[in-house]
Amino acid sequence: MLDILRRIIQEVNSARNLDQALNIIVQQVKQAMAVDVCSVYLSNDVQQQHVLMASEGLREEAIGKIRLAFDEGLVSLVASRAEPVNLANAPEHPRYYYFPETGEEEFSSFLGVPIIHHRKVLGVLVVQTRNAECYLEDSVTFLITIASQLAGAIAHAAASGEIDRILAKKGSGTVDDSKPLRGLPGAPGVGKGTAVVVYPMADLLAVPDRKIDDIEAEIEIFNKAVEKVRNDITDLASRLEKRLPAEDKALFDAYLMMLDGASLPGETIGYIRRGYWAPAALRETIMEHVKVFREMNDPYLSERADDVFDLGRRILAHMQSENIKVQEYPQDTILVGDEITATMLAEVPTEFLKGVVSVRGSRTSHVAILSRALGIPAVMGATDLPVGRVDGCPIIADGYSGNVIVSPSKSVLKEYDRIIAEEAELTAELMELRDQPAHTSDGVHIPLYANTGLLSDISPSLQSGAEGIGLYRTEFPFMIRQRFPGEDEQYQIYRQVLEAFAPRPVYLRTLDVGGDKALPYFPINEENPFLGWRGIRITLDHPEIFLVQARAMMRASVGLNNLHILLPMISSVAELTDSILLLRQAHAELVEEGIDVVEPKIGVMIEVPSAVYLIDSLARRVDFFSIGTNDLTQYLLAVDRNNANVAELYDSLHPAVIRAIFHVVLGAKAHNIPVSVCGEMAGDPAAALLLIGMGVNSLSMSASSLTRVKWVIRNVSKKRALELLDEVMEMEDPQTIRQYLNSRFEVAGMGGLVRAGK
Ligand code: PEP
Ligand code: MG
């Protein structure tokens, strides 16, 4: 059974669209369970109906036409109970509903299981047989497993409007092309432009569809790649000639035959002539061949599917590396991908980049932080976006709501043009605050600092009116190199930042790699990277890396004396005392070498829950605290900050997070040391209100959020912020807290700070 299940799931996963996937399911399940009928019904919430979408066994004409109201028939019973219904004689059941179009009277037994995604019933998978027998437990669980595997694809298709399109094709239903897809807010702002899909190397299944204008050029790209692969394989075969057993040698011959035969190249070229670009033409051909092999009953032959797939990947890799045409970015690029990385983002000329949409990740993923730093609207966790089919489409990314609209209608475009114009107006108005002091209406000064990490980023920070750099993430310069940067290289980088801001303070954080920040030359492969070797844990294990960095930082501050060193991921007193010893060692060495270095102020990031409870011990040993709410939220709530599946649970306005922050602030006050917040929460106008109320001394955020938060500070008194904090402390639910705080902005006529528009 497991093999059959795997094979069906594999086939469904390689289907190019939902219609194909549903047909595979109904055919394969009917065959595997030896039943007379297998059908899929999908639920339409708007019309409150379950629609027959695919069937093997019921009459073809019934598909798309049979619709059951939410309280009608056995299908609805399965959906409303959200559990299987297993009947030997369905026509006898009071909920049985008869449609003559289906030819259903012939069938007695009925097994229906709900298709559920994230607690929501999306449809029902049904099997029926002529014999009046209940289904065995094995069959029930088999069908439940299939339904659970299908659920993601259905949710995806429903969100992208694909189901409406299928129904329209079948002659029932209408298409709403402007239906938004729900993702997660990544970076504020609204971006409108052309989708450019970026995808990793040699990933055949990730190849998007793309329009072509020169068929012959595509054919040449393909032929060249095939030639290269042929040469690679011939070389490899001749090198291994003597060492290989005969059957492995035969594999190379089989590869070469496939490359020479009319089928693979011939079919691919056929696709290109029908308008596919070469990589997608290859994808289609290879997947068809893979399917044929997988369906073979002989295990040896069915395993050959993997060889065909491998061959396809090799050809694709050559096409990608040889495809001299470097990715071109239109002037209104919205970068779209399954997983957008910092490097993909950096490849687009900044003036052309109008938005980012990533299927994976969430608001606190580092790529979202980077987008925010660049002032680019971003939507993360857009899990329902059919990435393969949006390249070149007009697209809107709403970084406030997390909505993405592909091929928007004229009226939607007009509405967004209005919102974008309002945004620009609001940003320009807020820019007037740039040189105004960040004082509350009752005169409390709350310095606003910028978070940065990219060199090119210094000017936006300077221009934003920041009173310093509250968090300089040093890992970026490490990430874009091929090796660890040396002391002098680091010195140059840090000196520029310290000099640009002197005499204003700069908080340089020691290296915080691990988690979702990998160094290409220092691979860390872990099951749970966020709970693993990360931040200070790595640098304490490698004092040679830590000391070089500490020396570079201290040297860079000579004569400026605005350096503050920030230690990430501290979770115990021992880690702190060890770090301080190393910092003292670096300082002593420099003094010994005759360099006139003043001892920098040292502080810790409070971002691990244990640090919250050690606040007194830590406070006795440092000069300041900076609360890293991105990690603190993830670790307190046990919600991976990058995982779109649980992103709805990730909320820095969770009452537990608010209490933890307040505890830290009170601890800092008791020891008379300053406390700042440098996580993304500081740049969220609603959260900033609470942080002001708590008595946080300064806030550090992306340059693009600075004037928004300054408006908040200047328009609230410390006393009122404290009142709001008291009110919120009574609330138990993050959504209630957010809605309440956001409503305060609407009342003040500044709703534009927390949503799209003005
Ligand atoms: C944080 O965790 O809040 C923080 C500022 O650090 P980073 O986002 O770089 O982990
Ligand atoms: Mg952190």
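Residues numbered from 1 in each chain as written. Chains lettered and ligands numbered in written order. Predicted model: local features only at pLDDT ≥ 70, side-chain atom pairs only at ≥ 80, totals over all residues. Heavy atoms only, no water.

**So, the site of ligand 1**
Piece 1. Close to ligand 1 lie 17 residues, the nearest being R473, R509, G628, N630 and R641.
Piece 2. Residue R473 places a side-chain N or O atom 2.7 Å away from an oxygen atom belonging to ligand 1.
Piece 3. In the model, an oxygen atom of ligand 1 is placed 2.9 Å from a nitrogen or oxygen of the R509 side chain.
Piece 4. In isolation ligand 1 has 290 Å² of accessible area, and contact with the protein removes 100% of it.
Piece 5. Among the elements of the structure, α12 (366-374), β16 (469-473) and α22 (629-637) are those that each provide at least two residues to the shell around ligand 1.
Piece 6. For the shell around ligand 1, the element with the most residues is α22, which contributes 3 residues.
Piece 7. Considering only residue class, the shell around ligand 1 consists of 4 nonpolar, 5 polar and 8 charged.
Piece 8. Both domains that furnish three or more residues to the shell around ligand 1 are identified here as domain 4 (448-604) and domain 5 (607-749). (Near = heavy atom within 4 Å. Polar contact = N/O pair within 3.5 Å; in protein donor to acceptor, adjacent residues only side chain to side chain. Areas by Shrake-Rupley, 256 points an atom, 1.4 Å probe, with all protein chains shown as cover. Helix = DSSP H or I, 4+ residues; strand = E, 2+ residues; numbered from the N terminus. Nonpolar A, V, L, I, M, F, W, Y, C, P; charged D, E, K, R; others polar. Domains from an automatic or database assignment.)

**Some words on helix α1 (residues 2-13)**
Piece 1. When the terminal C-alpha atoms of α1 are compared, their 16 Å separation across 12 residues agrees well with the 16 Å that a helix rising 1.5 Å per residue should span.
Piece 2. Of all the residues in α1, the buried ones are L5, I8, I9, E11 and V12. Across the axial projection of α1, the buried residues extend over an arc of 160°, all falling on one side. More than 90 degrees from the buried face of α1, the exposed residues found are L2, D3, R6 and N13.
Piece 3. Where α1 is buried, its residues meet α2 (18-33), α4 (137-159) and α9 (278-294). (Expected span 1.5 Å × (residues − 1). Buried < 20%, exposed > 50% of the residue type's maximum accessible area, 1.4 Å probe, protein only. Arc of directions from axis to C-beta. Contact = heavy atoms within 4.5 Å.)

**Some thoughts on the coordination of the magnesium ion (ligand 2)**
Piece 1. Distances from the magnesium ion (ligand 2) to its protein donors, E607 (OE) and D631 (OD), fall at 2.0 to 2.1 Å. Taken together, the positions of E607 in the loop between β19 (601-606) and α20 (609-613) and D631 in helix α22 put the pair 24 residues apart, joining distant regions of the chain. (Donors = N, O, S within 2.8 Å, 3.2 Å for Na, K, Ca; no water.)

**Considering the domain arrangement of the chain**
Piece 1. With domains assigned, the chain is organised as domain 1 (2-169), domain 2 (181-199 + 338-427), domain 3 (204-322), domain 4 (448-604) and domain 5 (607-749).
Piece 2. If you average the C-alpha positions of domain 3 and of domain 4, the two centres end up 48 Å apart.

**Describing the pattern of salt bridges**
Piece 1. By the definition in use, this model includes 39 salt bridges.
Piece 2. For E227, the salt bridge is made with R230, and the minimal N-O distance between the two is 2.6 Å. Here E227 and its partner R230 are both found in helix α6 (residues 215-240), 3 residues apart, which amounts to about one turn of the helix.
Piece 3. Notably, a salt bridge pairs R534 with D512, separated by 3.2 Å at the nearest N-O pair. In this pair, R534 is assigned in the loop between β17 (506-509) and α17 (536-541) and D512 in the loop between β17 and α17, connecting sequence segments 22 residues apart. By the burial criterion, R534 is buried, and D512 matches it. (Salt bridge = Lys/Arg side-chain N within 4 Å of Asp/Glu carboxyl O.)

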